Every structure is written in C-alpha cells, then in structure tokens.
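Notes for the structure review
Listed here are the chains, written in short residue letters.
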Amino acid sequence: MQKRSNFTNKLGFVLAASGSAVGLGNIWRFPYLAAQYGGGTFLLIYLILAVTFGFTLMTAEIALGRKTGLSAIGAFKSLDRRFGFVGVLAAAVPIIIFPYYSVIGGWVVKYFSVFVSGGVKSAAGDTYFTDFISGTFEPIGWFFVFMAITAIIVLCGVEKGIEKVSKIMMPILVILTVIIAVYGLTLDGAMEGLIYYIKPHMSDVSAKTILAAMGQLFYSMSLAMGIMITYGSYMKKDNNLESSVRQIELFDTGIAFLAGLMIIPAVFAFSGGDRSALNAGPGLMFMTLPKVFASMKLGGVIGTIFFVLVFFAALTSAISLMETIVSIFRDKFGWSRKGASIFVTVLSLALGIPSSLGFGPLSFISWMGMSVLDIMDFVSNSVLMPIVAFFTCIFIGFIISPKTLADEVKATDGIFKAEGMYNIVIKWIAPIFLVIILGSSVASALGIFTI
Ligand code: PFF
C-alpha cells in the first residue's frame, strides 16, 4: 500500500486547504447572494453561521480525515458500515458542482481575454454580459477552455506548481480587491450600498435567507462534500487542528467580505438607486465590475490583472474539485489516473453544457424562476449539502460520539478551546436546525407553503 504523503507543516496545510476553499464561491457567489438576500442581514447570518456551524463542521471533517487516514467514503465506512452512504452522498456534490463551476470559470477566462485585448469600454456596456451568456457556442467554447486547462493540470500531475503560483497570487488578489473596493466607495451613491451591505434588518430574516447563507457557507468552505475529510487525511498529528481551522475560516470569510465590499456598493453607484439591480444573480460580478474598471484611470490594466487573479483562485478550486472526483472513480472502479481523468473530463463537459445553454437556447427550462445553472447550484448547495451535513452530525453526535473527534483535535497539545460549543452544535443545534431549514425550504419548493 502506498504511504499517504503529508503536509509537512501547518502553514502548508492551511494554504492548501485555503486554495480549495477560496475560489469563485468567495468572489462570484457570495456577493450576488448577499445582494439578493438583504445585504447586512445575509452578512450577519453568514458570520454567525461561520463561527458556529462552519467552525464545528470543518473541525469535525478534518479530524475525521486525520483520525481514519481515509477520504470520505472510506472514512465513514471504516467507523460504521451503515454510514458509508453519507460518503457516497458527499461524493455526489463535487460531481454536480464541478461542471457548472467550470462554466463560470469560462466566463472569467472570457472577461480576461476581453480586458487584455483592450475591451474595457465594451465590457461595461449594459447588455454586454447578457448578450454573451445568451449565445450558444461562445460560452460553451470558454467553458471548454477552462475545463481543458484544469484537466491538463490534473492529467499531468502539475498541481503543485499551480499551488505555488497561486500562493503568490492570493495575497495580491486581496490587495487588489481592497484597492477596487476603496475606489468603488468613492463613487456617487456607493455609501447607500455600503450601508445596505453592512447594516442588518431583522425584518428581512427568513428561512430562505438562512438556507442560502448556510448553503454558501458549505460551498465556500468546501464543506459537506468530503473535501475537508480528504485534506484532513493528509494532515500530521503535530499540526494544531483547531488553530488551522480558525485560520482557513478567517481567510475564506475575509475574502468573501472584501468581494462583497467591492461589488455591492458599486451596484448602487451604477444603478442610480434602482434596487432591482441587486437581483442580478450569477451575473452580478460580471455586470458590475467592468463598469467600475471602465470608470477608473488604469481600468483596462487593473481589470486584466483582476481577472487573472480570479482565474487562479478559480483554477485551484477547480483542480481540487476534479481531483476529488477522479479519486472517487479510481477508488470505486480501480481505474488508472489517466483513464479516470479523461472520463471525468468528458462527463463534466457533457454535464456542463446544459448549464451553459440555460441562459440562451435552453432558457425555456426553468424551475421556480431558476435557470439550469441555478438549479444545479440549488440542488447541490441547498439540498444535498444540508443532508450530508445533517448525517455527518448524527454520525459524530450519536454513533462515534463527539469525544472521539475531540480527542483527535487534542492530539497535538491536549487543548481544544471550543470543545463545549463543538459538542452542543454537532449533537443538537446543527441537526435540529438543519431539519427545520431543509424541511421548510423543500416544502416551499414543492409549493406546500411559502416562506
Ligand atoms: N470552496 C470553493 C469556492 O468557494 O469557490 C468551491 C469548491 C472548491 C468547493 C473545491 C468544493 C471543492 F472541492
């Protein structure tokens, strides 16, 4: 048997896990959800969930991986055969996410190419984005480009090189985001947007908002899909687990917050007070940022650099998604790395095409006002992930006992500061909450009642 290679130090672990966690979820998805679900209300709910649920689940998943030395399917099964299905459900999540993630990745590559060829003014046009995504072949072409780059990296096994590059890119992305956000705040009307983004309105709180925030938390932190279990299986015992989780969370949430700060006030500035602009959904970043860049002095250059950096953030996440899917098929069917990689590429290309066409030729497919891409996103984030999270909590809380994993957390220095919170969140608060939220959202989706 092959020995599992380890991350040599804690920083290596934190950076690798952050490379998976920080991606389009932070820069593209968080701002449009926050815009849509009440700004400050969404932000506050997200932050509360991050320090309670997010912390608990990430700690538990990493500890589960480190304790068993296995990835999701094996980890659950090795501790209790009956719970192997949780690993299987978790494995379905990246299979659904990866194709449409790459569709968005394709949009990023397209915008990079437009900016690099001096198209900053045209990209800022009101209908530029919708004209682009409603096409047939162009968005599919860019989707294929993004997928091909990811697949070649995974096939050639050069992820380590990309990770090294992205470690340099990531801090630059943070700095650039701050610069763009500060500039955006100087625009006329932006202050109203800032207030909308940071001031919660308790009257806006609804089950739907909470579910959206929770789905976003799982997505952004790569939780409830087996990824952190796999990362944990490579973590050494002498690396402090609890503080690693804190650092990954801080990094991930910090970047999401900054992305919102960069986009939401700018939406207000450019929409002239028309609040319906907040409901743009997946297109929000692509419609708003080009306008910001077009109004800046060096906008063309800054926009180009920005899209390169976002591309790298998306690429490291896409690589981690694809790697996970490849290893699922290899473990299950004993395929070679090459065979599994080619299969996953073809499968994901086929699965991603409807998501891409859903904004154009397939726009007649709609469910509760959602396009194909939104449906994929909803099924994975708002249905499957909460189910996986629920069973993970039940498994830890009542089958193997929270103590088993708390001991794993303490393996480094005997300390687990947040053990009290972890215990009650994993055993009671999270499962009860998940059932209520999931139940009410499914009921409303089925039209039994509306929330
Ligand atoms: N957490 C990533 C993001 O926020 O973009 C998305 C993701 C990447 C999810 C890798 C799962 C994964 F394995």
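A brief report on the enclosed structure follows. (Residues numbered from 1 in each chain as written. Predicted model: local features only at pLDDT ≥ 70, side-chain atom pairs only at ≥ 80, totals over all residues. Heavy atoms only, no water.)

Here we come to the side chain of T59. Take T59: it is sitting in helix α3 (residues 40-68). Looking at T59, its side chain comes within polar contact range of the main-chain oxygen of F55, at 2.6 Å. Excluding its chain neighbours within four sequence positions, the residues that come into contact with T59 are L241, V245, V409 and F416. (Helix = DSSP H or I, 4+ residues; strand = E, 2+ residues; numbered from the N terminus. Polar contact = N/O pair within 3.5 Å; in protein donor to acceptor, adjacent residues only side chain to side chain. Contact = heavy atoms within 4.5 Å.)

The full set close to the ligand counts 15 residues, and A21, G25, Y101, Y219 and I227 are the nearest of them. Within the backbone of L24, an N or O atom sits 3.1 Å from an oxygen atom of the ligand. Residue Y219 places a main-chain N or O atom 2.8 Å away from a nitrogen atom belonging to the ligand. Burial of the ligand by the protein amounts to 100% of the accessible area it has alone, namely 340 Å². With respect to the detected pockets, the ligand is housed in the largest cavity. Of the residues contributing to the shell around the ligand, the split by class is seven nonpolar, eight polar and no charged. (Near = heavy atom within 4 Å. Areas by Shrake-Rupley, 256 points an atom, 1.4 Å probe, with all protein chains shown as cover. 1 Å grid on protein atoms, 1.4 Å probe; cavity = no way out; pocket = protein on both sides within 12 Å on 5 of 7 lines; lining within 4 Å. Sits in = over half its atoms within 2 Å of the grid points. Nonpolar A, V, L, I, M, F, W, Y, C, P; charged D, E, K, R; others polar.)

Ranked by internal contacts, the top residues of the largest apolar core, which has 152 residues, are I180, F286, F293 and F306. Ignoring any residue separated from it by four or fewer positions in sequence, one finds F293 in contact with F115, V120, I180, G299, I302, G303, F306 and F307. (Core = buried A, V, L, I, M, F, W, Y, C linked by side-chain atoms within 4.5 Å. Buried < 20%, exposed > 50% of the residue type's maximum accessible area, 1.4 Å probe, protein only.)

What the rule picks out here adds up to 38 aromatic pairs. Between the aromatic rings of W107 and F129, the centroid separation amounts to 5.2 Å while the plane-to-plane angle is 80°, which identifies the pairing as edge-to-face. Residue W107 is located in helix α5 (residues 84-116), and its partner F129 is located in helix α7 (residues 128-133); the two are separated by 22 residues in the primary sequence. As far as burial versus exposure is concerned, W107 and F129 are alike and both buried. Each ring, one from Y111 and one from Y128, has its centre 6.0 Å from the other, and the planes form 85°; the classification is edge-to-face. (Phe/Tyr/Trp six-rings, centres within 6.5 Å; stacked < 30°, edge-to-face > 60°.)

What follows covers the layout of surface pockets. Its volume calculated, the second largest pocket comes out at about 740 Å³. Along the walls of the second largest pocket sit 34 residues, with Q36, Y37, M370, D374 and F378 positioned nearest its centre. Among the secondary structure elements, those contributing two or more residues to the lining of the second largest pocket are α2 (24-36), α7, α11 (207-220), α17 (372-400) and α19 (419-445). Each residue belonging to the lining of the second largest pocket can be placed in one class, and the counts come to 17 nonpolar, 13 polar and four charged. (Points joined across faces, edges and corners; volume = space filled by probe spheres on them.)

Structurally, the position occupied by N240 is in the loop between α12 (227-233) and α13 (241-271). Judged by its relative accessible area of 21%, N240 falls in the partly exposed class. Linking N240 and I415, residues 175 residues apart in sequence, is a C-alpha distance of 9.3 Å. Excluding anything up to four places from it in sequence, N240 contacts K10, M235, T412 and D413.

Bringing the environment of A259 into the picture now. Looking at where A259 falls in the secondary structure, it is placed in helix α13. Residues A259 and T150, 109 residues apart in the sequence, show an inter-C-alpha distance of 24 Å. Apart from the residues within four sequence positions on either side, A259 is in contact with N26, I27, P31 and T177.

Take the packing of α5 against helix α16 (residues 337-357) next. Packing of α5 against α16 brings their axes to within 8 Å, and their N-to-C directions diverge by 60°. Here α16 runs oblique to α5, going by the angle between their axes. Seen along the crossing, α5 lies across α16 with a hand that is right-handed. Between α5 and α16, the contacting residues are I95, F98, P99, Y100 and V103 on the first element and L347, S348, L351, G352, S355 and S356 on the second. Among the residues making up the contact of α5 with α16, the classes are represented as seven nonpolar, four polar and no charged. (Axes fitted to C-alpha atoms, helices over the stretch in contact; angles between N-to-C directions. Parallel < 35°, antiparallel > 145°, perpendicular 65-115°, else oblique. Left-handed = near helix turned anticlockwise from the far one by under 90°.)

Attention shifts here to the side chain of K291. Structurally, the position occupied by K291 is in helix α14 (residues 284-295). Polar contacts involving the side chain of K291 include one to the side chain of D126, which spans 2.7 Å. Contact partners of K291, with chain neighbours within four places excluded, come to A124, G125, D126 and F270.

Restricting attention to buried positions, one finds in helix α10 (residues 190-198) the residues A190, G193, L194, Y196 and Y197. Taken down its axis, α10 places every buried residue within 160° of arc, on the same side. (Arc of directions from axis to C-beta.)

Below, the discussion takes up the pattern of salt bridges. Overall, the coordinates contain 10 salt bridges when judged by the stated rule. Put simply, R275 and E192 hold a salt bridge, and the shortest N to O gap is 3.5 Å. With R275 in the loop between α13 and α14 and E192 in helix α10, this pair connects stretches of sequence that are 83 residues apart. Residue class for R275 comes out partly exposed when judged on its relative accessible area of 44%. In this structure E192 comes out as partly exposed when scored by relative accessible area, which is 43%. Note that E419 is salt-bridged to K410, the shortest N-O span being 3.0 Å. The class for K410 is partly exposed, based on a relative accessible area of 23%. (Salt bridge = Lys/Arg side-chain N within 4 Å of Asp/Glu carboxyl O.)

Before going further, it helps to examine empty space enclosed by the protein. Counted according to the given criterion, the structure contains four cavities of 30 Å³ or more. Forming the boundary of the largest cavity are 16 residues, of which S20, Y101, Y219, S222 and S317 lie nearest the centre. Secondary structure elements with two or more residues in the lining of the largest cavity: α1 (10-21), α2, α5, α11 and α15 (299-333). When grouped by side-chain class, the residues that make up the lining of the largest cavity number nine nonpolar, seven polar and no charged. Among the elements of the structure, α1 and α9 (159-185) are those that each provide at least two residues to the lining of the second largest cavity.

So yeah, pure geometry; function would need other evidence.
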